[in-house]
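Take a look at the letters that make up each chain.
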Amino acid sequence: MHVCTTEKLPDEAMEALSPYEVRPMEADQAEDCDVIMCWGLSEETLRGARSLKAIQTFSAGVDHLPFRAIPKRVRIFSNAGAYSVPVAEHAFALVLYLAKRLSAGRDVPRVQLQGKTALVFGAGGIGTQAAHLAKAFGMKTIGASRHPAPSPEFDQVISAERVDEILPTSDVVLIATPLNRGSAGFFNDSRLLMMKQGAILVNVGRGEIVDEGALYEVLRSGKICYGTDVLWRDREGKEGTSYQFQDLPCFISTPHVASGNSKDVRERAMLMAARNVRSYLDTGTAQNEVNPSDYL
């Protein structure tokens, strides 16, 4: 079996894959690749990958993959969980910035988080880690998930369909879910208006989960605050916005840097991906298998 990688793997990741042949891959050298480890793939590369059986991403999100061009025989595995700690820490930095209004004057009221309710939309790795941090501040934590299951970091876990019941009483709402057919545009005008006066909404999922125009109007009214590490993408995939969010008093954005981009985080993520590929090659099963129908 040939494992092709678009990135140079650290020694520990190479060791995890040592029984198999691992080689660097250029865009036009995918013909004999059984597994491709990558951040993303072009349709052109996929057309040439005639032996391809599986794709393992280095990224946790997979919404950027060209799903319509991926043959049905090819299994897809994400790297969900690889960046949970740094992304959750970043999310809570945004929460604290807005709660304590760090850029505002002396006469602006600040929010005490202890005793408040945090609703985490997406109770996976990032969401669970964010709930752990919220609990350290004495907050009540509620997780929302497509497949709810009890977790010690959450006081309650509900189905995503029940979010409307909790939104009006949540002081902090944290978006940590992947972008797919079910989450795109989930936070529309009606849900944004449903939120509690003075609530904080933080997004470390994808920009498109929140309706851009509706958010601008709600922020302009002063109803809520918004912090995000992800903006909305144009057709070329470049993140940005067509609204003047930066002129609003209770808004902050960071340029998609929550994962940290440090050497230790990158190497740990690549090791997790390599171990997942090893599991697939040895047993035919692996973690974080993606259902393409969620994205088509």
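Residues numbered from 1 in each chain as written. Predicted model: local features only at pLDDT ≥ 70, side-chain atom pairs only at ≥ 80, totals over all residues. Heavy atoms only, no water.

Chemist: Help me understand the packing of aromatic side chains, please; the structure alone is not making it clear to me.
Modeler: The relation between two aromatic rings is expressed through the spacing of the ring centres and the mutual angle of the planes. Counted by the stated rule, this structure contains 13 aromatic pairs. An aromatic cluster of three or more residues is present, and its members are Y216, Y226, W232, Y243, F245 and F251. Sitting above the plane of the F186 ring, R191 keeps its charged end 3.8 Å from the centroid. (Phe/Tyr/Trp six-rings, centres within 6.5 Å; stacked < 30°, edge-to-face > 60°. Lys NZ or Arg CZ within 6 Å of the ring centre and 35° of its normal.)

Chemist: Is there a simple way to explain the pattern of salt bridges in this structure?
Modeler: Should the charged atoms of two oppositely charged side chains come close, the side chains can pair. Applying the stated criterion across every chain yields a total of 15 salt bridges. With its nearest N and O atoms 2.9 Å apart, the salt bridge here joins K135 to D155. Taken as a pair, K135 in helix 4 (residues 125-136) and D155 in the loop between strand 7 (140-145) and strand 8 (156-159) lie far apart in primary sequence, 20 residues in all. Residue classification places D155 among the partly exposed residues on the basis of a relative accessible area of 45%. Between E267 and K263 there is a salt bridge, with the nearest N and O atoms lying 2.8 Å from each other. Note that E267 and K263 are positioned in helix 8 (residues 263-283) at a spacing of four residues, about one turn of the helix. (Salt bridge = Lys/Arg side-chain N within 4 Å of Asp/Glu carboxyl O. Helix = DSSP H or I, 4+ residues; strand = E, 2+ residues; numbered from the N terminus. Buried < 20%, exposed > 50% of the residue type's maximum accessible area, 1.4 Å probe, protein only.)

Chemist: It is not clear to me how the nonpolar core should be interpreted in this structure. Could you clarify?
Modeler: Where a protein is soluble and globular, its nonpolar side chains tend to be buried together. The biggest cluster of nonpolar side chains holds 47 residues, and the ones touching the most others in it are V3, L9, L17, M37 and V202. Those elements that provide at least two residues to this core are helix 1 (11-16), strand 3 (35-38), helix 3 (84-99), helix 4, strand 9 (172-175), strand 10 (200-203) and helix 8. Here the element with the most residues in this core is helix 8; it accounts for nine residues. Excluding residues that lie within four positions of it along the chain, L9 makes contacts with M14, L17, V22, M37, F58 and M270. Among the nonpolar cores identified, the runner-up in size contains 32 residues, and F121, F186, A214 and I224 belong to it. (Core = buried A, V, L, I, M, F, W, Y, C linked by side-chain atoms within 4.5 Å. Contact = heavy atoms within 4.5 Å.)

Chemist: Explain the sheet that holds strand 8 here, please?
Modeler: The strands that make up a sheet pair up through hydrogen bonds in the backbone, lying either parallel or antiparallel. Read from one edge of the open sheet, seven strands run 8-7-6-9-10-11-14, paired in parallel fashion. A strand with exactly one partner marks an edge of an open sheet, and here the two such strands are strand 8 and strand 14 (251-253). This sheet shows a mean twist of 15° between the axes of neighbouring strands, independent of strand direction. By the bridge criterion, four bridges tie strand 9 to strand 10 in an arrangement that is parallel. Its bridge partner lying in strand 10, L174 is registered against V202. Strand contacts of helix 3: strand 9, strand 10, strand 11 (225-228) and strand 14, with the helix running at about 155° to strand 10, the strand carrying the most contacts. (Pairing = 2+ DSSP bridges. Axes fitted to C-alpha atoms, helices over the stretch in contact; angles between N-to-C directions.)

Read these as geometric descriptors, not functional statements.
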